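# Structural overview
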Amino acid sequence: MRDRRPDTVIIPPHKYDLERLPFAKRLLELRPGECVWPINDGSPFLFCAAKTAGKYCQHHRSRAYAAHRITKREK
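Residues numbered from 1 in each chain as written. Predicted model: local features only at pLDDT ≥ 70, side-chain atom pairs only at ≥ 80, totals over all residues. Heavy atoms only, no water.

Another aspect to go through is the overall build of the chain. Counting its regular elements, the chain contains two helices and zero strands. Every one of the 75 residues in the chain was classed for burial, and the buried ones make up 27%. Within the chain, contacts between residues separated by at least 24 positions form 36% of all contacts whose residues are at least 6 apart in sequence. Put simply, the chain shows about 5,800 Å² of open surface, and 58% of that area lies on carbon and sulfur atoms. (Helix = DSSP H or I, 4+ residues; strand = E, 2+ residues; numbered from the N terminus. Buried < 20%, exposed > 50% of the residue type's maximum accessible area, 1.4 Å probe, protein only. Contact = heavy atoms within 4.5 Å. Areas by Shrake-Rupley, 256 points an atom, 1.4 Å probe, with all protein chains shown as cover.)

Structural data, given as structure tokens:
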């Protein structure tokens with residue numbers, strides 16, 4: 001993902017993201033209960049769309065929390 005702000009944490013693509021590309025959806029195509037994690041960096045933006053009970057699927061939720069823990073340790 002592109003770095004838009006100096007304090008932005010860039011989480012590199014993962015093998016899982018590449019596997020999700022054939023099932024990815026644009027933001028307006030997402031339905032409730034689908035993961036909203038962006039899996040590319042534009043033109044058009046595509047989102048994971050895996051089934052979930054929250055905002056992110058289990059895989060992307062764990063990646064988000066891991067990035068948050070790393071950022072907090074650096075401060």
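Back to the write-up after that little detour.
This part takes up the packing of aromatic side chains. The full count for this structure, using the stated rule, is one aromatic pair. Centroid distance W37 to Y56: 5.5 Å. Interplanar angle 75°. Geometry classified as edge-to-face. Of this pair, W37 sits in the loop between α1 (15-20) and α2 (58-74) while Y56 sits in the loop between α1 and α2, and the two are 19 residues apart along the sequence. Using a relative accessible area of 9% as the deciding quantity, one classes W37 as buried. (Phe/Tyr/Trp six-rings, centres within 6.5 Å; stacked < 30°, edge-to-face > 60°.)

A word on the environment of R26. Locating R26 in the fold gives a position in the loop between α1 and α2. Along the primary structure R26 and C48 are separated by 22 residues, whereas in three dimensions their C-alpha atoms are 9.2 Å apart. R26 has contacts with P44, F45, L46 and F47, leaving out every residue within four places of it along the chain.

Attention now moves to unusual backbone geometry. Here the phi dihedral of A49 falls at roughly 70°; this positive angle occurs in a residue that is not glycine. Mapped onto the elements, A49 comes out in the loop between α1 and α2. A49 sits in the buried class, given a relative accessible area of 7%.

It is worth spelling out the pattern of salt bridges at this point. Scanning the entire structure with this criterion turns up four salt bridges. Here E34 and K25 are joined by a salt bridge, their closest N and O atoms 2.8 Å apart. Residues participating in the shared-partner salt-bridge network are K25, E34 and K51. (Salt bridge = Lys/Arg side-chain N within 4 Å of Asp/Glu carboxyl O.)

This part takes up the state of the cysteines. Counted by the stated rule, this structure contains zero disulfides. Looking at C48, it has no disulfide partner, and the nearest cysteine sulfur is the one in C35, 3.9 Å off. With a relative accessible area of 0%, C48 lands in the buried category. (Disulfide = S-S within 2.5 Å.)

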